[in-house]
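Spelled out from the first residue to the last, the chains are:
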Amino acid sequence: MFLEEPPIIIKNNISFNNLHDIHSCNVSVIWIIYDKKKKIVISKGSSRPCGINHRRKSIHAEQLAIEYCRSHPNRNYQIFIWRYSKNGDIKHKYSCTSCTKLAHKYNFKDRIYTFYNSTKCPAIIDNPPLSLCYQFNHT
Ligand SMILES: [Zn+2]
């Protein structure tokens, strides 16, 4: 499995293989905390919009990443989120309505990015998609 590398300079040796799961790649969101000055990845993780137990409130990637940045304040930290396709290609992920609210609340709206066509672009958009869980509950 060849995973597409994020189109940013990453100076430390980091692998995303352990975050890529062929069975859940379509729903798992990868997040990294990136130091834009040192050009290194500080932290990384993945999250699913909905766990196996649908009653449990899921924690989104942005939420985890914002929490990390709030407990490790550094103005150079940026958050990148994306998904992998089954082939290992990077797919963009825009923040859902609730994560967008969170980003506005904590002033992170200019610090969260995703990748679209191998280019860095904002993950906070004007008309955010509803979260998956919300859609499941209301259809
Ligand atoms: Zn969200």
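Numbers given for residues are sequential positions, taken from 1 along each chain in its written order. Per-residue local features of the predicted model are confined to residues with pLDDT of at least 70, and side-chain atom pairs are confined, for both listing and counting, to 80 or more; whole-chain, interface and lining totals are unaffected and use all residues.

J.: Lay out unusual backbone geometry with the relevant residues and their values.
T.: A negative phi holds for most residues other than glycine; trans holds for most peptide bonds. One non-glycine residue, K39, adopts positive backbone phi at about 55 degrees. Only DSSP runs of H or I reaching four residues or more are called helices, and only runs of E reaching two or more are called strands; each is numbered from the N terminus. Along the polypeptide, K39 turns up in the loop between β1 (29–35) and β2 (40–47). You will see that S118, though not glycine, has its phi angle at about 60 degrees, which is positive. Following the sequence through the fold, S118 ends up in the loop between β5 (112–116) and β6 (119–122).

J.: Tell me what's going on with helix α2 (residues 97–105), and back it up with residues and numbers.
T.: Of all the positions in α2, only C99, T100, L102 and A103 are classed as buried. The arc enclosing the buried residues of α2, seen along the axis, measures out at 160 degrees, which places them on a common side. Residues K101, H104 and K105 are exposed on α2 and point more than 90 degrees away from its buried face. Looking at the packing, one finds that the buried side of α2 touches α1 (61–71) and β5. Just beyond α2, the residue with positive phi is N107, at close to 65 degrees. In this scheme the burial state of a residue depends on its C-beta neighbours within 10 Å: 20 or more other such atoms mean buried, 12 or fewer mean exposed, and anything in between means partly exposed; the C-beta positions come from the backbone. Here, the arc refers to the directions that run from the helix axis to the C-beta atoms. What counts as a contact here is a pair of residues whose C-beta atoms, placed from the backbone, lie within 7 Å.

That is the geometry; function is a separate question.
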